[in-house]
Amino acid sequence: MTASLLKLEGVEKSFGPKKVLRGVDIDVAPGQSLVIIGGSGSGKSVMLKNALGLMSPDAGRIVFDGQDVTNAKGKTREAMRARIGMLFQAGALFDSLTVWENVAFRLINSEGMSRRQAKERAIETLKKVRLGADVGGLYPAEISGGMQKRVSLARSIISEPDLIFFDEPTTGLDPITADAINDLILEMVRGLGAAAVTITHDMASATKIADEIAMLLDGKIIWRGPAKDVYASGNEYVDQFVNGRAEGPIQPAI
Ligand SMILES: Nc1ncnc2c1ncn2[C@@H]1O[C@H](COP(=O)(O)OP(=O)(O)OP(=O)(O)O)[C@@H](O)[C@H]1O
C-alpha cells in the first residue's frame, strides 16, 4: 500500500466545554479520493482546519508526507501549504478580480510569476475545467454559480497540488452541473495523481468520486470503507445517514 500523504492521529479539539473532535484518525494516500460524510455540526470543517494548520489541535498529531506538522510554523507550514489546493465551500472568489486573476492569484502573489505568464497558465487551467479564454476576462458576478465552481476548481489545481481539499463542491448546484463538477474532480485526481479529501452531504457525489468514504460522528470516524459498500455498511448510524432517515440513532440537528 502507498504511504499516506496526510495522516491525522488521535486529533482532539474543544471549544470551551464543547468537545468537537474526540480522537480523529484518518489518512489519505497519493492518487486516493477520500470522502468524509457527517451531519451538520459534526466537526468536518474543524477537522479540515486542523489538517490545514488553520487551527491547532488540543491533542493528537498531524503528519504530512512523513513530517510531523502539528504545530508547524513559518517555512515548514508554507512549504506544506504550497503543496495543497483548496476548493472552499462558497467558492470564495475575489469579486474585484477577473476570472483569470482569481485563478492565477497564487502564481502571482505567492510564486512571484509575471502576470503575462500567469495569465497563460490560468487560461490553460480554465480549459481543463471546460471554460474558454473569453471567460477569463469576466468578473465572478458576471458568470453563473456552476461556472464559479469551475473557476474555484481551476484555482485550486493551478499549482498542481499533491493534496486537494474539496469542501462541499456540489452544494447549491443543479444535479447535471453537480455531476459535471464530479467528473472534473475525478479527472483532476486521476490526472494529477493527487490525494483528495472531499467533505460533502451529497451522497450521489460521494459515491461517484470516492474510492473510500469515512463517516464522522460525535467527534470520531465511526466507519470507513470502499464507496461501493456505503449502502451496505452494516453500521446503523451510516445506514441512517446515507438513507437520509430522521428516525434512528442519530438525532436531527434542529
Ligand atoms: N471557532 C469556533 N469557536 C467555537 N466553536 C466552533 C468554532 N468552529 C466550530 N465550532 C463548533 O464546532 C462544531 C462543529 O462545527 P463544524 O463547522 O466543523 O461542523 P460541520 O460538520 O462542518 O457542519 P456543516 O456540515 O453544517 O458545515 C459546531 O458546533 C460549531 O459551532
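Residue positions are given per chain, counting from 1 as you read along its sequence in written order. Residue-level local features of this predicted model are given only where pLDDT is at least 70; pairs of side-chain atoms are given and counted only at 80 or more, and the full residue set underlies all totals for whole chains, interfaces and linings.

As annotated in an unreviewed UniProt entry, the protein is ABC transporter ATP-binding protein from Hyphomonas polymorpha PS728.

**Student:** Can you lay out the overall build of the protein for me, pointing to particular residues and giving the numbers?
**Tutor:** Helix and strand definitions follow DSSP, with helices as H or I runs of at least four residues and strands as E runs of at least two, each counted in order from the N terminus. Check the secondary structure of the protein and you find 10 helices and 10 strands. What you see for the protein is a C-alpha radius of gyration of 18 Å, in line with the 18 Å of a compact globule of 254 residues. Projected onto the principal axes, the alpha-carbon positions of the protein cover approximately 55 × 40 × 40 Å. In the protein, which comprises 254 residues, the proportion classed as buried is 37%. By the convention adopted here, residues are in contact when the distance between their C-beta atoms, placed from the backbone, does not exceed 7 Å. Put simply, 62% of the contacts in the protein that link residues at least 6 apart link residues at least 24 apart. Taken over C-alpha atoms, the radius of gyration is set against a globule rule of 2.2 Å times the number of residues to the power 0.38. Each residue is classified by how many other C-beta atoms fall within 10 Å of its C-beta atom, where C-beta atoms are placed from the backbone; a count of 20 or more means buried, 12 or fewer means exposed, and values in between mean partly exposed.

**Student:** Help me get a handle on the sheet that holds strand β6 (residues 84-87), residues and values and all.
**Tutor:** DSSP-based pairing: two strands are paired if at least 2 bridges between them are found. The strand order β6-β7-β8-β3-β9-β10 describes an open sheet built from 6 strands, whose pairing is mixed. Each edge of the open sheet is held by one strand with a lone partner, namely β6 and β10 (220-226). Shown here is a sheet whose adjacent strand axes are inclined to one another by a mean of 15°, direction ignored. As judged from the 4 bridges shared by strand β3 (residues 33-37) and strand β8 (residues 195-199), these two strands associate in the parallel manner. Pairing of Leu34 across the sheet is with Val197, part of β8. Comment: axis = line fitted to C-alpha atoms, over the contacting stretch for helices; angle = value between 0 and 180 degrees taken between N-to-C directions.

**Student:** Describe in detail helix α8 (residues 175-192), supporting the description with residues and values.
**Tutor:** In an α-helix, one full turn covers 3.6 residues, which means residues spaced three or four apart are oriented alike. To estimate the expected span of a helix, count its residues, drop one, and scale the result by 1.5 Å. Under the 1.5 Å per step criterion, the end-to-end length of α8 is 25 Å for 18 residues, consistent within 8% with the ideal 26 Å. Every buried residue belonging to α8 is among Ala178, Ile181, Asn182, Leu184, Ile185, Met188 and Val189, and all of these are buried. Projected onto a plane normal to the axis of α8, the buried residues spread over an arc of 165° and lie on a single side. Exposed residues pointing more than 90 degrees away from the buried face of α8 are listed as Ile176, Arg190 and Gly191. Tucked inside the fold, the buried residues of α8 contact β3, α7 (145-157), β7 (163-167), β8 and α9 (203-209). Comment: arc refers to directions from the helix axis out to C-beta atoms.

**Student:** Lay out the sheet that holds strand β4 (residues 59-64) with the relevant residues and their values.
**Tutor:** Reading across the sheet, the 4 strands line up as β2-β1-β4-β5 and stay open at both edges, with antiparallel pairing between neighbours. Among the strands making up the open sheet, the edge pair consists of β2 (18-28) and β5 (67-68). Relative to β5, β4 runs antiparallel, the two sharing 2 bridges. In the strand pairing of β5, Val63 is matched with Asp68. Across the sheet, helix α1 (residues 44-52) is in contact with β1 (6-15), β2 and β4; its angle to β1 comes to roughly 120°.

**Student:** Give me the lowdown on the site of the ligand, citing residues and values where you can.
**Tutor:** The criterion for a residue being near a molecule or strand is simple: its C-beta atom, placed using the backbone, must lie within 6 Å of it. The local shell around the ligand consists of Phe15, Val20, Gly38, Ser40, Gly41, Ser42, Gly43, Lys44, Ser45 and Val46. Nonpolar residues are Ala, Val, Leu, Ile, Met, Phe, Trp, Tyr, Cys and Pro. Charged residues are Asp, Glu, Lys and Arg, and all others, Gly as well, are polar. A breakdown of the residues in the shell around the ligand according to their chemical character gives 3 nonpolar, 6 polar and 1 charged.

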